[in-house]
Amino acid sequence: MLPAPAIVRRALLPAAGLALLVLAATGALPGLIAALAYLLPLLLLLLAMKARGYPGERALLARMGGRSGDRARPSTGSSVPISLPRATVPRGGCLIAFSLAVRPPPATRAVTS
Amino acid sequence: MSSYDRVPACMPAFHPAVLRVAAGTATLLGASALAPSAASAHGISGQASLPVPAWLFAWAAAIVLVISFVVLSTMWSRPRLQAVHERRLCGWPAALSVPAGTLGLALFALVVYAGYEGVPFYTSNLDPTFIFVIFWVGVPVASALFGDWFAAFSPWRAFARALRWLAQRANVTLRAPLRYPDWLGRWPVVAGLVCFGWLELVYHDHDNPVLLASLSLAYFALMMLGMALFGIDEWSERGDAFGGYFSLFARLSSVDVHDRALWLRRPLSGVASLAEQPGAVALVLTIIGITTFDGASNGVVWNTLQPHVQSFFSGDLGLGGTPSDELADSLGLLLAIAVVVGFYRVGVLGMRSISPRFDTARLSRSFAHTLVPIAFAYVLAHYFSLLVWQGQAIGYLASNPLGDGTNYFGTAGWHVNYAFLGSTAIWYVQVVALVSGHVGGLTLAHDRALAAYRSPQEAVRSQYWMLVVMVGFTSLGLWLLSAVNT
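Cut-offs used in this document
Residues numbered from 1 in each chain as written. Chains lettered and ligands numbered in written order. Predicted model: local features only at pLDDT ≥ 70, side-chain atom pairs only at ≥ 80, totals over all residues. Domains from an automatic or database assignment. Contact = placed C-beta atoms within 7 Å. Helix = DSSP H or I, 4+ residues; strand = E, 2+ residues; numbered from the N terminus. Pairing = 2+ DSSP bridges. Axes fitted to C-alpha atoms, helices over the stretch in contact; angles between N-to-C directions. Buried ≥ 20, exposed ≤ 12 C-beta atoms within 10 Å, placed from the backbone. Expected span 1.5 Å × (residues − 1). Bend = angle between axes of the 7 residues up to and from the residue.

**Digging into the domain arrangement of chain B**
Residue and element names in this part refer to chain B.
At step 1: Partitioning chain B into domains gives domain 1 (28–82 + 295–379 + 422–486) and domain 2 (86–265).
At step 2: Measuring from the centre of the C-alpha atoms in domain 1 to the corresponding centre in domain 2 gives 27 Å.
At step 3: The partner domain 2 presents 13 residues to the 12 residues of domain 1 that form the contact.
At step 4: Elements represented by at least two residues in the side of domain 1 that touches domain 2 include exactly helix H14 (321–352) and helix H16 (372–389).
At step 5: Ranked by residue count, the leading element in the side of domain 1 that touches domain 2 is H14, at five residues.

**Structural notes on the sheet that holds strand E2 (residues 255–258) of chain B**
All names here are of chain B.
At step 1: One open sheet holds the three strands; their spatial order is E1-E3-E2, and the pairing between them is antiparallel. Edge positions in the sheet fall to strand E1 (86–91) and E2, since each has one partner strand and no second. If you compare each strand with its neighbour and ignore which way they point, the axes differ by 30° on average.
At step 2: Note: E2 against strand E3 (residues 261–265), four bridges, orientation antiparallel.

**Some remarks on unusual backbone geometry**
Residue and element names in this part refer to chain B.
At step 1: Backbone geometry at asparagine 171 places phi at a positive 60°, although glycine is not the residue there.
At step 2: The residue asparagine 171 is located in the loop between helix H6 (155–169) and helix H7 (187–201) in this model.
At step 3: A positive phi angle, near 75°, is found at leucine 268, a position not held by glycine.
At step 4: Its location among the elements puts leucine 268 in the loop between E3 and helix H11 (269–272).
At step 5: Leucine 268 sits in the buried class, given 21 other C-beta atoms within 10 Å.

**So, the environment of B:Leu480**
At step 1: As for its position among the elements, B:Leu480 is in helix H19 (residues 456–485).
At step 2: As a C-alpha pair, B:Leu480 and B:Ser297 span 183 residues in sequence and 8.9 Å in three-dimensional space.

**Notes on H14(B)**
Count 3.6 residues to each turn of an α-helix, and residues three or four apart come out pointing the same way.
At step 1: Taking 1.5 Å as the rise per residue, H14(B) with 32 residues should run 46 Å; its terminal C-alpha atoms sit 46 Å apart, in good agreement.
At step 2: Of all 32 residues in H14(B), 24 are buried; the element is thus mostly enclosed.

**Notes on the environment of B:Ser462**
At step 1: Along the chain, B:Ser462 falls in helix H19.
At step 2: In this structure, B:Ser462 is in contact with B:Met351, B:Ile354, B:Ala449 and B:Tyr453, ignoring residues within four places of it in sequence.

**Digging into helix H2 (residues 32–52) of chain A**
Residues and elements named next belong to chain A.
At step 1: Given a rise of 1.5 Å per residue, 21 residues ought to cover 30 Å, and the 28 Å separating the end C-alpha atoms of H2 matches this to within 8%.
At step 2: Along its length, H2 reaches its greatest deviation from straightness, about 55°, at leucine 39, and the proline proline 41 lies no more than four positions downstream.
At step 3: What H2 keeps buried is the set Leu32, Ala34, Ala35, Tyr38, Leu39, Pro41, Leu42, Leu45, Leu46 and Met49.
At step 4: Directly beyond the C-terminal end of H2, a positive phi value near 70° is found at glycine 53.

What follows is the structure, given as structure tokens:
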């Protein structure tokens, strides 16, 4: 099946929204106005994402900074591959060994599966 | 280069497929807004008196979800639910399964006997209340609280195990002739739940005790056949519609029984370990869809549209009143499931637009478990009034299961006390259940995203889409409930 032209694809959601609004305004769908009042937070959220990208994303990432590397080994049967940062810098006894030894132990490679 | 690739990096990519599905879902919602009818109200309710318009609760719920999303993004920085964290509480004697199974079998026999021998009135006969309230609503709620205890009481499983024990005593080795096919996954459970949902919500004679007894026996026979072909444990876990439904919600419980011991586990971690089998996504979406239709069938939208659909079948196709009504409601049931599928699909396609590493099928499977708390929230919120009001009827029905005037336990004179909990209190319970369920879903999605995506940015962006899904389901749930309660 051939993909629809971009303009058609872009117009799909606004057209569906407009059709619902027309139906609501004409009273063809009783209860639709009430439904829209309930669904307005969802529509606002989608609108905010459409207009401003992922609003607040930078602030969230800034707050997350420095914490994201600390992860546990998952044990689920998830088909999505799980990223697991492993040891990246020597710690504890290994760090002392690095500092004191004449010939330090081999460094652990940073591996992400 | 796809059209998505040309979208600036800071913009969420409204992938063409997202738009298509969103438009489709909006149209389905609109269509459903046009159309419930003669379907009886299963979520019993009165008129709640609220201090503010009911739609403001949807706004408040959306704000709670956005705050939860921000708190999770900033405070929950590593996966905590992907590994199984459990602590052994105490031993669990295997011998307990014998009295539990016997009790389950005895109750099943009583249901069948009451169906055939009792009075044919749904308020006086044990069967309708026991099956549609205690079994269909009470057991899932109890499973979410206390774990998968139904497995021990399952009458068909107990009967099959008893047969196997007898065969072993007679030195006969019973072996399942077939291996359960992997492709079948959870589809038998989905099919069973759709059939039961249709019986409850669409079929006109659904509260006929004789019919219920016959269907119970037929289901028993089907389970015996499945266990004979594929093995008792294999079929019980994957093919038993009700066992699969209850065990799904049991994953929400903080207690679990396995290896002959009682275990305490981290809340929600049982859901995160849900296996990605074929049909698992459909199972969760179907549960939400069935409950959605039950709610919608009491609302003005479906009640406006349904007569038009019915008249198409009765007028244009010449069907009788009852078949055309059932056909219209069958379409409504499928439409409700389609709306739910559409909501989830929008979220998955949105996540798909973030990283090309995962295709939609994998994302759909991997995040399906996040819908389990939502499915439970829908069931609890929608049927809570039924459980607390109609559930009381089991008090007098236990003494008089056939409706013939017996009084075994001296409780036959009891009545349903509707003042036990008011409509306003029920509305608040429903709101709290829905919001809690969706916060739980958001937590599970956030945890899975942290484990699945390589960069925090991808993980956070994926959760914007899950937030859309959660806000959508919460708003939809509250709208459906408000149609009955307010």
